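Observations on the model geometry
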Amino acid sequence: MRITCPICGERDRREFYYKSAAVALERPDPEAGDGVWNDYLHLRENPAGVTRELWYHETGCSAWLVVTRNTVSHEILDAVLASEARA
Amino acid sequence: MRFSGLRILKEGLTGNRGWTPHWRDPAPKSEYDIVIIGGGGHGLSTAYYLAAEHGLTNVAVLEKGYIGGGNVGRNTTIVRANYFLPGNSEFYSHSLKLWEGLEEELNYNVMHSQRGLINLFHSDGQRDAFARRGNAMINQGDDAVLLDREGVRKYLPYLDFDNVRFPVYGGLLHPRGGTARHDAVAWGYARGADSRGVDLIQNCEVTGIDIENGVVKGVQTTRGAIRAKKVAMVVAGRSGQVAAMAGMRIPVESHVLQAFVTEGLKPCIDHVVSFGMGHFYISQSDKGGLVFGGDLDMYASYAQRGNLPLVEHVMEAGMTLMPMIGKAKVLRSWGGIMDMTPDGSPIIDKTHVEGLYLDCGWNYGGFKAVPASGNCFAHLIATDRHHAAAEKFRLDRFRSGVGLMDEEGTGAQHNLH
Ligand SMILES: Cc1cc2nc3c(=O)[nH]c(=O)nc-3n(C[C@H](O)[C@H](O)[C@H](O)COP(=O)(O)OP(=O)(O)OC[C@H]3O[C@@H](n4cnc5c(N)ncnc54)[C@H](O)[C@@H]3O)c2cc1C
Ligand SMILES: [Zn+2]
């Protein structure tokens, strides 16, 4: 698996740290209640197919990326800076 | 079908033409008392104990592929009871006891081999952690022996004891740990359930779960609709998708775990050995192949195959620990889909839907759990009460934060187990 970092270009998977589904970008209000927080922290769509996840370019430029990837074929479809994906 | 020495002799002399299938191949009925989704180790053992211990035989196991095609036939077969935390500790202890009586219970040779498991440590801190774990195992009533370096050398003379980065300080020996023949476990439970009247239905994928007014009514499958009073979801890596059919989002992310086997060699590794460097473990099958593996690939996957970086890492770890295996040729590698939970521990529970039950979250360690998971899940389905050995495996622990079982102490977070 190789991921094309928007800053560094195409790089080996080993340069990246994986941090699960991209839900972390939608942090709920602290007072939103345990149901919302459980949803955010633990419950997952976990699709067999295309999904959006967070990857950290740990040994490259240190950027957080939102990577669109297929969990069945391992194909990387897209990678954008998390700061831009969020905006 | 039964086996005996005489029968094997007779069949050998007459061209092995007399063997018959281990279980029937029934067409699905339109209705059952209980439908179990998933014919892996856990689904089959659940069906077996429903029939054997609760007398419930109007039961079907629906398997989308074939019996033994999932993780139950893909794992590295290690069976152990060396957990630390309450919840896991009593459950795996219960499971190991069931393993010890399993061949008699099923009248089937599952080749359970208690050859001893040795977890190596390489620093003072690791020694303390393993001493503590060993005490927890002994407190639970299981067995553990802390070995020093010379103690390990007696068992495993072939290790590189003086590796600069990871010198061997000692190991925690779990004498009752070992391996079993994974396929035989599936087949033995399948035969036992079938012979008691359970229908094992292969090539039957569940595509929907019917729920009316909060009560489960049955399932939709590729072989038609089947009504049921109770439905049990036991689909390991596919738990997220099947639970979604009931409108549930569950705390599971599916990851790929790889494993490897070499060509057959003469006996050289007599135990199960794990390297405390990170993760590498190895044992030798009865056929002679060295069976080994390491960590998850560490990204969500349904591919049943992994990537090369992990392959390289596992090979490096093996060569670092025991250079003698370097000339063995790797025959095959493969992957399985692991149902990972945030705290790395399983779930055996009811759901918000009446009559719908969930057994999942086996992470990379659910083979050794096959007997107890089936035993406890059958108890829950039959009586609607949790079995004492599995009563802490609750689904709502993630919401409440109470009763999380995070063996690694890294926090209940996806991607950390
Ligand atoms: C490489 C590897 C090494 C491992 N090593 C060990 C080890 O050494 N020790 C250990 O204890 N554990 C180990 N494990 C973990 C263990 O194999 C699993 O935790 C356990 O087998 C999972 O339970 P199961 O047997 O029921 O799963 P499976 O055999 O995967 O059963 C689930 C079944 O559900 C079926 N299914 C899915 N969706 C549907 C549907 N919609 N309709 C009908 N059927 C469906 C699937 O086809 C499958 O057959 C390992 C796993 C892997 C992959
Ligand atoms: Zn980069």
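Residues numbered from 1 in each chain as written. Chains lettered and ligands numbered in written order. Predicted model: local features only at pLDDT ≥ 70, side-chain atom pairs only at ≥ 80, totals over all residues. Heavy atoms only, no water.

**Let's talk about the confidence of the model for chain B**
Formally: What pLDDT expresses is the predictor's confidence in each residue, scored from 0 to 100.
Residue-level pLDDT values for chain B average 97, and 100% of them are 70 or greater. On the interface metric, ipTM, the complex scores 0.95, and its pTM is 0.97.

**A word on the coordination of the zinc ion (ligand 2)**
Residue and element names in this part refer to chain A. For clarity, the threshold we go by: Metal donors were taken as nitrogen, oxygen and sulfur atoms no farther than 2.8 Å from the ion, or 3.2 Å where the ion is Na, K or Ca. Water is excluded, so coordination may look unfinished. Irregular is the default label, applied whenever a site is not tetrahedral (four donors, all angles between 85 and 135 degrees) and neither square planar nor octahedral (four or six donors, opposite donors over 155 degrees apart, all other angles between 65 and 115). Only DSSP runs of H or I reaching four residues or more are called helices, and only runs of E reaching two or more are called strands; each is numbered from the N terminus. With a 1.4 Å probe rolled over the protein chains alone, any residue whose accessible area is under 20% of its type maximum counts as buried; one over 50% counts as exposed, and the rest are partly exposed.
Only C5 (SG), C8 (SG), H57 (ND1) and C61 (SG) from the protein coordinate the zinc ion (ligand 2), and they sit 2.0 to 2.3 Å from it. If you look at the zinc ion (ligand 2), its four donor atoms make angles of 102 to 121° with each other, and the shape they trace is tetrahedral. Mapping the donors of the zinc ion (ligand 2) onto the primary sequence gives the spacing C-x2-C-x48-H-x3-C. Note that C5 is positioned in strand β1 (residues 2-5) and H57 in the loop between β4 (50-56) and β5 (64-70), a separation of 52 residues in sequence. Each member of the pair, C5 as well as H57, is classed as buried.

**Things to note about the site of ligand 1**
Residue and element names in this part refer to chain B. Test applied: When at least one non-hydrogen atom of a residue lies within 4 Å of a molecule or strand, that residue is treated as near it. Within 3.5 Å is the distance limit for a polar contact, defined as a pair of N or O atoms, with the added protein rule that one can donate a hydrogen and the other accept it, and that residues adjacent in sequence qualify only through two side-chain atoms.
Of all residues adjacent to ligand 1, which total 37 residues, the nearest are E63, N71, V72, T76 and K368. Between ligand 1 and the protein, one listed contact pairs a nitrogen atom with a backbone N or O atom of K64 at 3.1 Å. Put simply, the parts of the chain that give the shell around ligand 1 at least two residues each are α2 (41-54), β12 (253-264) and β16 (330-340). With three residues, β12 is the largest single contributor of residues to the shell around ligand 1.

**Notes on the environment of B:R181**
Residue and element names in this part refer to chain B. Rules: Contacts are residue-level and defined by heavy atoms, with any inter-residue pair within 4.5 Å sufficient.
Along the chain, R181 falls in the loop between β7 (178-179) and α7 (182-195). According to the relative accessible area criterion, R181 is partly exposed, its value standing at 33%. Note: C-alpha distance between R181 and D286 (105 residues apart in sequence) is 8.9 Å. Not counting chain neighbours up to four residues away, the residues in contact with R181 comprise V110, M111 and W187.

**Some remarks on the sheet that holds strand β4 (residues 117-121) of chain B**
Residue and element names in this part refer to chain B. We count it as follows: Strand pairing is assigned whenever DSSP identifies at least 2 bridges connecting the two strands. Inter-axis angles, ranging from 0 to 180 degrees, are taken between N-to-C directions of lines fitted to C-alpha atoms, where helices are fitted over the stretch in contact.
Across the sheet, which stays open at both edges, the eight strands sit in the order β5-β6-β4-β13-β14-β15-β12-β16 with mixed pairing between neighbours. Each having just a single partner strand, β5 (145-148) and β16 make up the two edges of the open sheet. Sheet twist, expressed as the average angle between the axes of neighbouring strands with direction ignored, equals 20°. Contacts from helix α9 (residues 308-321) reach β4, β12, β13 (272-275), β14 (280-284), β15 (289-300) and β16, with the element oriented near 135° to β15.

**Let's talk about the side chain of B:H271**
Residue and element names in this part refer to chain B. Looking at the secondary structure, you find H271 in the loop between β12 and β13. What makes H271 buried here is its relative accessible area of 10%. Not counting the four nearest positions on each side in its chain, H271 is found in contact with R115, G116, I118, Y155, L156, I282 and S283.

**Looking at the packing of helix α3 (residues 88-100) of chain B against helix α10 (residues 370-383) of chain B**
All names here are of chain B. For the record, the criterion: Relative orientations are named as follows: roughly parallel for angles under 35 degrees, roughly antiparallel for angles over 145 degrees, roughly perpendicular for angles from 65 to 115 degrees, and oblique for any other angle. The residue classification treats Ala, Val, Leu, Ile, Met, Phe, Trp, Tyr, Cys and Pro as nonpolar and Asp, Glu, Lys and Arg as charged. All others, Gly included, are polar.
At their nearest, the axes of α3 and α10 sit 7 Å apart, and the two run at 105° to each other. Taken together, the axis directions place α3 and α10 in an arrangement best described as roughly perpendicular. Here α3 contributes F91, H94, S95, L98 and W99 to the contact with α10, which in turn contributes V370, P371, A372, S373, N375 and C376. Taken together, the residues of the contact of α3 with α10 break down into seven nonpolar, four polar and no charged.

**Details of unusual backbone geometry**
The phi torsion at A:H74 lies on the positive side, around 65°, for a residue other than glycine. Considering the arrangement of structural elements, one finds A:H74 in the loop between β5 and β6 (76-81). Residue A:H74 is classed as buried on the basis of its relative accessible area of 7%. Its identity is not glycine, yet B:T77 carries a phi of approximately 65°, on the positive side. Secondary-structure assignment places B:T77 in the loop between β2 (59-62) and β3 (78-79).

**Quick look at the interface of chain B and chain A**
The criterion, for reference: We define a salt bridge as a contact between a side-chain nitrogen of Lys or Arg and a carboxyl oxygen of Asp or Glu at a distance within 4 Å.
Taken together, the contact between chain B and chain A spans 29 residues of the former and 28 residues of the latter. Taken together, the links from chain B to chain A amount to four salt bridges. Taking the shortest distance from any N to any O, the salt bridge between A:D34 and B:R399 comes out at 3.3 Å. Our enumeration of links across chain B and chain A arrives at 23 residue pairs in polar contact (both at pLDDT 80 or more). Elements supplying a minimum of two residues to the side of chain B that touches chain A: α8 (239-244), β12, β15, α9 and α11 (397-400) of chain B. With four residues, the single largest contributor to the side of chain B that touches chain A is β15(B). Residues of the side of chain B that touches chain A, tallied by class, amount to 13 nonpolar, nine polar and seven charged.

**Some thoughts on the pairing of β6(A)**
Put simply, side chains in a regular strand alternate between the two faces of the sheet. Note: β5(A) against β6(A), five bridges, orientation antiparallel. Its bridge partner being in β6(A), A:R69 is matched across the sheet by A:I76.

**Concerning the packing of α2(B) against α10(B)**
All names here are of chain B. To keep things clear, this is the line we draw: Crossing handedness is read from the near helix: turned anticlockwise from the far helix by less than a right angle, it gives a left-handed crossing, and turned clockwise, a right-handed one.
Their axes nearest at 7 Å, the elements α2 and α10 cross at an angle of 55°. The angle between α2 and α10 falls in the class oblique. The two elements α2 and α10 meet at a crossing, and its hand is right-handed. From α2, G41, H42, S45, T46, Y49, L50, E53 and H54 reach across to α10, where they touch V370, P371, S373, G374, N375, F377, A378, H379, I381, A382 and T383. Split by residue class, the contact of α2 with α10 holds eight nonpolar, ten polar and one charged.

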